[in-house]
Amino acid sequence: MQTSAKYRTTEDLVIDIVVYTVMIIVMIATLYPFWNILAISLNDALDTIRGGIYLWPRKFTLNNYRVILSNPDIYHATLISVLRAVIGSITNVLSCLMVAYAISRKDYIFRKFISRVIVFTMYFSGGLIPTYLLMKNLHLVGTFWVYILPGMVSAFNIIVIRSYIDGLPQSLIESAKIDGASEYRILFQIIMPLCLPVLATVTLWVAVGQWNAWFDTFLYNSGKPELSTLQFELQKILQSVQSASTNPDFSASLTSSGRTVTPTAIRATMTIVATLPILFVYPFLQRYFIHGLTIGSIKE
Amino acid sequence: MQSSKKGIFSTIYNQRQLIVLTFPFLIMVLIFNYFPLWGWLLAFKDYKPYLGFQNSEWVGFKNFADLFSDVYFFQALRNTLVISCLKLIFNFLSSITFAILLNEIKNMLFKRTVQTISYLPHFVSWVVAANIVYTVLSPDYGIINDLLVKFHIIKEPINFLGEPQYFWFIAPATEVWKEMGWNAIIYLAAMTNIDPQLYEAASIDGAGRLKRIWYITLPGILPTVKILLIMNVGWILNAGFEQMYLLQRPSTLDYSDILETYILRYGIGSGRWSYATAAGIFNSVVSLILVTTANKVASKIGEGERVF
């Protein structure tokens, strides 16, 4: 019925035209800005000032990337970003899995108490200053662990993993218990392998979140260049360019390094460098990204 | 009495492994999420870092009094509310419309391509997004200005991010760019739960596509819309710190300063710790009241549709 009568009415045709037009506009509006930044990053820095770089570089050069990549700080910042993404996602997912498993057990005596305590954290926070002072008192300020520990137990991830475990057959746990398996063994040898899809989803979320974070670096580790992350370096460039518009010395200082680069070129190039890992993994992983959101939210 | 006590202890003993799996993390949550609440006492002191918490002087409600007599606090509060509300409206309208249009596409390959592209900005950081916004809106080489000048809509390029009057529009617009596709997922999921027979019956009865959208798709996602709307009311004092901080300029502060950026400037920037804590408490308490009220309303509207 659908195929033979596809354009039976002009209404159908008009709606299709509107839908496809809007979708094409959405795609262009989403992708063009990324593409434009890429073109600017590949264009000669001085030439870019003339304007008019839209789709393709006018004077193609890899100079901007050479300047950025000849800076040893960038490699170090990348290393810290990768480390926090890897360590942060492993610790977060493991801890959330343990809690989620325990509170999925209907007979667990502290189940209600723990769920409440954890879910409540989604709706309030101690605020910027008290949290900062706490980190200071715990001697986490100026350390790598300030990236990992505060966010390790995440309420939302626990809820998502828990609803997934709830969907597994409970008889698995029962029969394993009758066979004398310990809770640890049930969790790590039976439940965890079955949870791989949801664990993959949550791992990706946490890894992306860790990769994208800059505010904790800004707040706690501004004074420690060796703990700087890629996003924080990018943020510093963004802020310095903002002040550079009123401060001509900034652009002048960049030409002294032998190669001529401008704040605009640096900004575009750094943006691409910081985005590249996500752009690279994105097409392979995007189906996992959404998986958890739908199980986390649709379950009623 | 004795036996029930024994019962509790033996249950605890039997479940010791589950306790081992949860208590270390419970303690972490208590430290990192609940302990800062104790820091709220700072708001009632005149905290001086060199004196420490114990020795700083108690000042009662002085910080709150100062807060409520500060013009800039009310300006930040106004901006927070306006920006949040605009974002709420823009986000809902755009993502619902997008989901409905996407649902009308029969070509699966095209549909998946559009969807995949539309989530992409959700996964980049606000720093990257802010850089992109800066580039696109730049008065020197930004595409928006170039297009507007080329089509003679404006004569001179506009410094969009530097002019305060545009900020209330730029904040929700950039948020839509970043999050529309992601927010639409949940509506699309709700649409897949609508019984296809409804569409068939309607088209046999002669309903065109617009009518089917209006009488079947929209009512089908209405419960989801309601719940999300109620949930979002609780976040109305969170206008999106990272985005605002990265997009605001000193010249636009009159319209771009929100409570959280205000707290950051006064707290860590000017060293008025206690004052900033008081502002933070105001933010948390109002949010908490909004969330619990919204949650109550949600539980009244639909059974089992509470958030917590």
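Within an unreviewed UniProt entry, the label attached to chain B reads Binding-protein-dependent transport systems inner membrane component, and the organism entered is Caldicellulosiruptor kronotskyensis. Here is the UniProt Subcellular location (unreviewed entry) comment for chain B, exactly as written: "Cell membrane".

For chain A, the name recorded in an unreviewed UniProt entry is Binding-protein-dependent transport systems inner membrane component, with Caldicellulosiruptor kronotskyensis as its organism. Reading the Sequence similarities (unreviewed entry) entry of the UniProt record for chain A gives the comment "Belongs to the binding-protein-dependent transport system permease family." In UniProt, chain A has this text filed under Subcellular location (unreviewed entry): "Cell membrane".

A. Seen up close, the UniProt feature "transmembrane region" (unreviewed entry) in chain A. Residues and elements named next belong to chain A. What UniProt calls "transmembrane region" (unreviewed entry) maps, in this numbering, to residues 12-35, 74-101, 113-132, 144-165, 186-208 and 265-285. A helix fraction of 100% and a strand fraction of 0% characterise residues 74-101, whose end C-alpha atoms lie 40 Å from each other. Spanning residues 265-285, this segment combines 100% helix with 0% strand, and its end C-alpha atoms are found 30 Å apart.

B. Broad picture of the domain arrangement of chain B. In terms of domains, chain B is made up of domain 1 (1-35) and domain 2 (43-301). If you average the C-alpha positions of domain 1 of chain B and of domain 2 of chain B, the two centres end up 39 Å apart.

C. Summary view of helix 14 (residues 259-269) of chain B. Buried residues of helix 14 of chain B: Leu259, Thr261, Tyr262, Ile263, Leu264, Tyr266 and Gly267 of chain B, and no others. The positive-phi residue at the C-terminal boundary of helix 14 of chain B is glycine 271 of chain B, with phi of around 70 degrees.

D. Structural detail: the packing of aromatic side chains. In this structure the tally under the stated criterion is 38 aromatic pairs over all chains. Relative to tyrosine 147 of chain A, the ring of phenylalanine 144 of chain A lies with its centre 5.7 Å away and its plane at 85 degrees, an arrangement referred to as edge-to-face. According to the relative accessible area criterion, phenylalanine 144 of chain A is buried, its value standing at 14%. Look at tyrosine 147 of chain A and you get buried, because its relative accessible area is 3%. Among the aromatic residues, those joined into a ring-pair cluster are Phe68, Phe73, Phe74, Tyr262, Tyr266, Tyr275 and Phe282 of chain B. The ring centre of tyrosine 147 of chain A lies 4.2 Å from the NZ or CZ of arginine 84 of chain A, which sits over that ring. In this arrangement the basic side chain of arginine 272 of chain B is found over the ring face of tyrosine 275 of chain B, its NZ or CZ atom lying 3.9 Å from the centre.

The rules we used
Residues numbered from 1 in each chain as written. Chains lettered and ligands numbered in written order. Predicted model: local features only at pLDDT ≥ 70, side-chain atom pairs only at ≥ 80, totals over all residues. Heavy atoms only, no water. UniProt positions renumbered as here; feature names shortened; annotations may be inferred. Helix = DSSP H or I, 4+ residues; strand = E, 2+ residues; numbered from the N terminus. Domains from an automatic or database assignment. Buried < 20%, exposed > 50% of the residue type's maximum accessible area, 1.4 Å probe, protein only. Phe/Tyr/Trp six-rings, centres within 6.5 Å; stacked < 30°, edge-to-face > 60°. Lys NZ or Arg CZ within 6 Å of the ring centre and 35° of its normal.

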